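# Report on the structure
Residues per chain are reported as follows:
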Amino acid sequence: MRRLFVAGNWKMNTNLASGKELAKAVAAEATRLGDVIDVAVCPPFPYLASVKTELQGSKVKLGAQNVWFAAPGAFTGETAVEMLTDVGCSWVILGHSERRQILGEKDELINKKIAAATSEDLGVIFCIGELLEDRQAARTEAVLETQLAGGLANLDAAVMGQIVIAYEPVWAIGTGVTASPEQAEGAHAFIRGWLTKQYGAKVADGVRILYGGSVKADNAEILLSQPNVDGALVGGASLTAAQFGPILQAAAKCAAAG
Ligand code: PEP
C-alpha cells in the first residue's frame, strides 16, 4: 500500500512569527499522530530555514514552492536546487496552476525544473489539472495527458520514486468547490493508467497521486479513502493548525483503515 502524504502549500502567506508558530503546531500534531503518514509544509522562501528549525525533532518535511533549473550562478532572483537542499528542503512544488496561469510557466520549463530537482536529492510534487472549461468540454484527460507528457518528458523510470503527482483541478483551487470523490478517483485512475503505459505497472503502482483543491477537514476522509488518492496537497486549509490538524487526523485514520 502507498503511504499517504499530506503537504501544506502556504503559498505567499504567513510572516516569520506566524510561520514558525504554524510549523511548530504541525510538527506537534504529526508527532502526536505517530509515524503513520508523510507530512510536509511548504512555506515561502524567506521562511524556509526558520521553519526547518521548528520542524526539528519531528518527521515533518520541508518543501519549497519553486526552483530554478540551472546551477548556481548569474540568475538574479532565482533559487538553485542545491540551495533548497542546503536549507533542508526535501520537496519542491512544481507545475502549480498559479505559476502556469499567472506567471505563464509552460510544460517545457516545468520539465527542466523537474529534471534539475530529481538529478539532486529533491523530491517533486508535480501539479497538473484542468480548467473548468476543459472539464465542461470533456477535455480533462487530454489536458492531463499533455501536462504529464510535457512535464515528465525524457525522465526515466528511475526518477519516478522522487516524484509525487498532485491532481489539482483548477476550478477547485481556492474556490471552496471540491471535486467529488468520483471525479477525483476518475482523474487519479487515468493518471495511474498513463504512468503504467509510460513506465510499467510496478513503477506506476508506487507513485503517489495527491488530490488538491479545497481539501478541508470535512471532505478529507472521503477523498483520501479513494483507492487511487494517496494524499492531499492543501492550500488554504494548511494555514492554521486548527484546519490542517483534522486533515492530518483524517489521513492517519485512513492509513489505519488500510
Ligand atoms: C493549492 O493551491 O495547491 C490548493 C490545493 O489550494 P486550496 O486547498 O486552497 O484549494
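Residues numbered from 1 in each chain as written. Predicted model: local features only at pLDDT ≥ 70, side-chain atom pairs only at ≥ 80, totals over all residues. Heavy atoms only, no water.

### Here's the deal with the overall build of the protein
Note the cut-off: Labels follow the DSSP assignment, with helices taken as runs of H or I lasting at least four residues and strands as runs of E lasting at least two, numbered in each case from the N terminus. We compute the radius of gyration from the C-alpha atoms alone; for a globule the expected value is 2.2 Å times N to the 0.38, where N is the number of residues. Throughout, exposure labels follow a simple rule: accessible area from a 1.4 Å probe, protein chains only, divided by the maximum for the residue type, with under 20% read as buried, over 50% as exposed, and the rest as partly exposed. Contacts: residue pairs with any heavy atoms within 4.5 Å of one another.
The helix and strand tally for the protein stands at 11 helices and eight strands. A compact globule built from 258 residues would reach a C-alpha radius of gyration of about 18 Å, and the protein, at 17 Å, matches this within 12%. Expressed as a percentage of the 258 residues in the protein, the buried residues total 52%. Considering only contacts in the protein between residues 6 or more positions apart, those separated by 24 or more positions represent 72%.

### With respect to the pattern of salt bridges
Condition: One side-chain nitrogen of Lys or Arg within 4 Å of one carboxyl oxygen of Asp or Glu is enough to make a salt bridge.
On inspection of all chains with the given rule, the structure shows 13 salt bridges. For D107, the salt bridge is made with R100, and the minimal N-O distance between the two is 2.8 Å. A relative accessible area of 13% places R100 in the buried class. E130 serves as the salt-bridge partner of R135, at 2.7 Å between the closest nitrogen and oxygen.

### Regarding the layout of surface pockets
Unfilled space is identified by rolling a water-sized probe across the atoms. Heads up, the rule is: The pocket and cavity definitions rest on a 1 Å grid over protein atoms only: a 1.4 Å probe that fits but cannot leave marks a cavity, an open set with protein on both sides within 12 Å along at least five of seven lines marks a pocket, and residues lining either have an atom within 4 Å of a point. Grid points are joined across faces, edges and corners, and a volume is the space filled by probe spheres set on the points.
Its volume calculated, the largest pocket comes out at about 420 Å³. Along the wall of the largest pocket there are 18 residues; nearest its centre are M12, Q65, N66, R99 and L103. The calculated volume of the second largest pocket comes to roughly 230 Å³. Along its surface, the second largest pocket is lined by 17 residues, and R3, D35, I37, K59 and V60 are the ones closest to its centre. Breaking the lining of the second largest pocket down by element, the ones donating at least two residues are helix 1 (16-33) and strand 2 (38-42). With three residues, the top contributor of residues to the lining of the second largest pocket is helix 1.

### Side note on the pairing of strand 6 (residues 163-167)
Going by this rule: When DSSP locates at least two bridges between a pair of strands, those strands are taken to pair.
Within strand 6, five of the five residues are buried, leaving the element largely enclosed by the surrounding structure. Neither face of strand 6 is open: one carries I163, I165 and Y167, the other V164 and A166, and all of them are buried. Where strand 5 (residues 123-128) meets strand 6, five bridges bridge the pair, whose relative direction is parallel. Paired with F126 across the strands is I165, a residue of strand 6. Here strand 6 pairs with strand 7 (residues 209-212) via three bridges, running parallel. Each bridged residue has a counterpart across the sheet, and for I165 the counterpart in strand 7 is I209.

### A short note on the site of the ligand
Convention followed: The near set for a molecule or strand comprises every residue that places at least one heavy atom within 4 Å of it. Nitrogen and oxygen atoms within 3.5 Å of one another constitute a polar contact, given that in protein one can donate a hydrogen and the other can accept it, and given that sequence-neighbouring residues count only through two side-chain atoms. Each accessible area is a Shrake-Rupley estimate made with a 1.4 Å probe; only the visible protein chains count as cover when residues are assessed. Classes in brief: Ala, Val, Leu, Ile, Met, Phe, Trp, Tyr, Cys and Pro nonpolar; Asp, Glu, Lys and Arg charged; the others, Gly included, polar.
The ligand sits among 14 residues. The nearest are K11, H96, E168, G174 and S214. In this structure, an oxygen atom belonging to the ligand sits 2.5 Å away from a side-chain N or O atom of K11. Within the backbone of G235, a nitrogen or oxygen atom sits 2.8 Å from an oxygen atom of the ligand. Compared with its free state, where it exposes 290 Å², the ligand has 97% of that area covered by protein. Considering only residue class, the shell around the ligand consists of four nonpolar, eight polar and two charged.

### Details of the state of the cysteines
To keep things clear, this is the line we draw: A pair of cysteine sulfur atoms is labelled a disulfide when the two atoms are within 2.5 Å.
In the structure shown here, the tally under the stated rule is zero disulfides. Note on C42: no disulfide assigned, nearest cysteine sulfur contributed by C89 at a separation of 8.1 Å. You can see C127 has no disulfide; the closest cysteine sulfur is in C42, sitting 9.3 Å from it. When its relative accessible area of 1% is taken as the criterion, C127 is described as buried.

### Regarding the nonpolar core
Convention followed: Here, nonpolar core refers to any group of buried Ala, Val, Leu, Ile, Met, Phe, Trp, Tyr and Cys residues whose side-chain atoms link them within 4.5 Å.
By size, the foremost hydrophobic cluster in this structure holds 69 residues, and its most contacted members are F126, L152, I163, I165 and L195. Per-element accounting of this core gives the leading share, seven residues, to helix 8 (residues 181-199). If we skip the residues at most four places from it in the chain, L152 touches N111, I114, F126, M160, I163, I165, W194, L195 and Y199. The next biggest cluster of nonpolar side chains, apart from the first, holds 12 residues, and it includes A7, W91, I93 and L210.

### What about unusual backbone geometry?
The phi dihedral of K11 falls on the positive side, at around 50°, and the residue is not glycine. As for its position among the elements, K11 is in the loop between strand 1 (5-9) and helix 1. Its identity as a non-glycine residue notwithstanding, S214 has a phi of 55°, on the positive side. Tracing the backbone through its elements, the reader meets S214 in the loop between strand 7 and helix 10 (217-224). Assessed through its relative accessible area of 8%, S214 is described here as buried.

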